[in-house]
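Letter by letter, the chains look like this.
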Amino acid sequence: MIKIRILLLPSLVVGFSLHRQVAPLQRLTAVNNNHRTFRSSSISDNVETLPTIQDDNEENERLIKQEIEKELVTKKKKADKKRFIKNERESIAKKKDYLRGAGAFKKVKSEVTAAMRVQFDSEMMNKMKESPNYMLEKDGIEFYLAKDHGFCWGVERSINLAYSAVETFPDRTVHITNELIHNPMVNEKLHVKNVNFIKKDADSNKDFSEIKEGDVVMLPAFGASLDEMRDLDARNVKIVDTTCPWVAKVWNTVHTHQVRGLTSVIHGKYAHEETMATKSMCETYICVKNLDEAEYVADFIVNAKVGDGRAEEFMVKFKKASSSHFDPHTHLKKIGLANQTTMYKKETRAIGQLLQKTIMKKFG
């Protein structure tokens, strides 16, 4: 009888999941079976060839090495995934002192909602809404109310969160990094509630020196840049995020662009608060303000040649509206579209159609 001894090294059973152990053992069993078959056939030829323990160990070590290499590849992929901008943003947002959503302010929500109704409701407008044509006649004059009017859902949500934060933390200093929305009445109301608006210089750089440990800092409906989020996270403050969910949805779109290796073409004004936040969530981007600028980009994609001088002209035009490493010859081959949510939807759609036709014309 031939005795075959299999030596299991510690690294085979430590640090690997079960499904990673099974495959090496199955292959090892197959090796040993081959040894048995070979010996049986050798007996008939009066030649005896015995498998050695050393051979088994070498095969075992080879299989273990393969598993370790696979594990390293898997870990590298996970490490690469962590480099996505979205992962850093979400890691900040998951911390206990980062508040977003009405669930954080349940105790004051109903009170704040009632106060907002008093502030923003209008008796005259309510009467106009009762009319089929949104019309009110007075002294022979007909007044019409636009069918689409007032705040959108995202803005109402941001106002509610901001007012709720002030009511929830009456004994703390409350700051806001920008105007909550572009509405003087709402921002004045926050001033009355003693909210400190962070000061900015001529280049829109914000002075966070007034923010102290333990303060409350609100992010406006437009959102905040990733650099601002990092800065505030390091200051040990409580952050109230009132960012409109539709803005955050755009950030998810540019994340998809990064994952797929696309350049984000953002339909928006590069110096607008929302677009400044969005472009900070991009790896590579260029902002186009309108259809005219989009047509300029489209013409470059189709007609520009390396060395013809058009790239230098292009970068002069879009220096402030593109990422620091932007190269029009390199970064306009694969593109995706995002937008500033306050831009006209029809124009965004037109820009999307233009760029789609342009890429098809250039690359087929």
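Quick caveat, the model's predicted, so the values are computed rather than measured.

**Describing the environment of Q119**
Relative to the helices and strands, Q119 is located in helix α5 (residues 106-120). Contact partners of Q119, with chain neighbours within four places excluded, come to Y163, M185 and K189. There is a polar contact of 3.1 Å between the side chain of Q119 and the side chain of Y163.

**Considerations on the pairing of strand β2 (residues 135-138)**
Pairing of β2 with strand β3 (residues 141-144), which is carried by four bridges, proceeds in the antiparallel orientation. The residue bridging M135 from the neighbouring strand is Y144, located in β3. Following β2, the chain reverses through two residues before pairing antiparallel with β3; D139 in that reversal takes a positive phi of roughly 55°.

**Thoughts on unusual backbone geometry**
Even without glycine at this site, Y134 takes up a positive phi of about 55°. Along the chain, Y134 turns up in the loop between α6 (123-130) and β2. Residue Y134 is classed as partly exposed on the basis of its relative accessible area, which comes to 24%. A positive phi angle, near 55°, is found at D139, a position not held by glycine. Counting through the fold element by element, D139 comes out in the loop between β2 and β3.

**As for the packing of helix α4 (residues 85-93) against helix α10 (residues 245-260)**
Between α4 and α10, the shortest axis-to-axis distance is 9 Å and the interhelical angle comes to 140°. As judged from the angle between their axes, α4 and α10 are oblique. The residues of α10 that touch α4, namely those facing I85, K86 and R89, are W251, N252, H255 and Q258. The residue inventory of the contact of α4 with α10, partitioned by class, reads two nonpolar, three polar and two charged.

**A word on the packing of aromatic side chains**
Here the distance between the centres and the angle between the planes together describe a pair of aromatic rings. Tallied over the full model, the rule gives six aromatic pairs. The interplanar angle of 35° and the centroid separation of 5.9 Å between the aromatic rings of Y296 and F314 together place this pair among those described as tilted. One end of the pair, Y296, is in helix α12 (residues 291-303); the other, F314, is in helix α13 (residues 310-317), with 18 residues separating them in the sequence. When its relative accessible area of 21% is taken as the criterion, Y296 is described as partly exposed. Geometrically, the ring pair formed by F300 and F314 is tilted, given 4.9 Å between the ring centres and 50° between the ring planes. Separated by 14 residues along the polypeptide, F300 in helix α12 and F314 in helix α13 bring together distant segments of the chain.

**Description of helix α8 (residues 184-192)**
Every buried residue of α8 is listed here: V186, N187 and L190. One face of α8 carries all of its buried residues, which in axial projection span an arc of 95°. With respect to the buried face of α8, the exposed residues turned more than 90 degrees away are P184 and V192. Lining the buried residues of α8 we find α5, α7 (153-168), β4 (174-176) and β5 (196-197). The N-capping residue of α8, defined by a side-chain oxygen 3.0 Å from the backbone nitrogen of M185, is N183.

**Some thoughts on the nonpolar core**
Considering soluble globular proteins, one finds that nonpolar side chains tend to be buried as a cluster. Counting residues in each nonpolar core, the largest one holds 44 residues, and the members touching the most others are L232, V297, F314 and L332. Among all residues touching V297, those that are not within four sequence positions of it are I286, V288, F314, F318 and L332.

**Topic: the sheet that holds strand β1 (residues 98-100)**
Reading across from one edge, β1-β7-β6-β4-β5 is the order of the five strands in this open sheet, with parallel pairing throughout. If you trace the sheet from one side to the other, it starts and ends with β1 and β5, each paired once. With four bridges connecting them, strand β6 (residues 216-219) and strand β7 (residues 238-241) associate as parallel partners. Bridge pairing links V217 to I239 in β7.

**Things to note about the sheet that holds strand β9 (residues 285-288)**
With parallel pairing, the three strands of this open sheet are ordered in space as β9-β8-β10. One side of each edge strand has no neighbouring strand; the edge strands of this open sheet are β9 and β10 (335-339). Taking the axes of each pair of neighbouring strands and ignoring which way they run, one obtains an average angle of 25° across the sheet. Across four bridges, strand β8 (residues 263-267) lies against β9 in parallel orientation. Bridge pairing in β9 places V265 opposite I286.

**Some words on the confidence of the model for the protein chain**
In this model, the protein chain carries an average pLDDT of 85, and 83% of its residues clear a pLDDT of 70 or more. Under a pLDDT of 50 for its full length, residues 5-50 has, in the predicted model, 50 contacts with residues more than four places off or in other chains.

Cut-off values and rules
Residues numbered from 1 in each chain as written. Predicted model: local features only at pLDDT ≥ 70, side-chain atom pairs only at ≥ 80, totals over all residues. Heavy atoms only, no water. Helix = DSSP H or I, 4+ residues; strand = E, 2+ residues; numbered from the N terminus. Contact = heavy atoms within 4.5 Å. Polar contact = N/O pair within 3.5 Å; in protein donor to acceptor, adjacent residues only side chain to side chain. Pairing = 2+ DSSP bridges. Buried < 20%, exposed > 50% of the residue type's maximum accessible area, 1.4 Å probe, protein only. Axes fitted to C-alpha atoms, helices over the stretch in contact; angles between N-to-C directions. Parallel < 35°, antiparallel > 145°, perpendicular 65-115°, else oblique. Nonpolar A, V, L, I, M, F, W, Y, C, P; charged D, E, K, R; others polar. Phe/Tyr/Trp six-rings, centres within 6.5 Å; stacked < 30°, edge-to-face > 60°. Arc of directions from axis to C-beta. Core = buried A, V, L, I, M, F, W, Y, C linked by side-chain atoms within 4.5 Å. pLDDT = per-residue confidence, 0-100.

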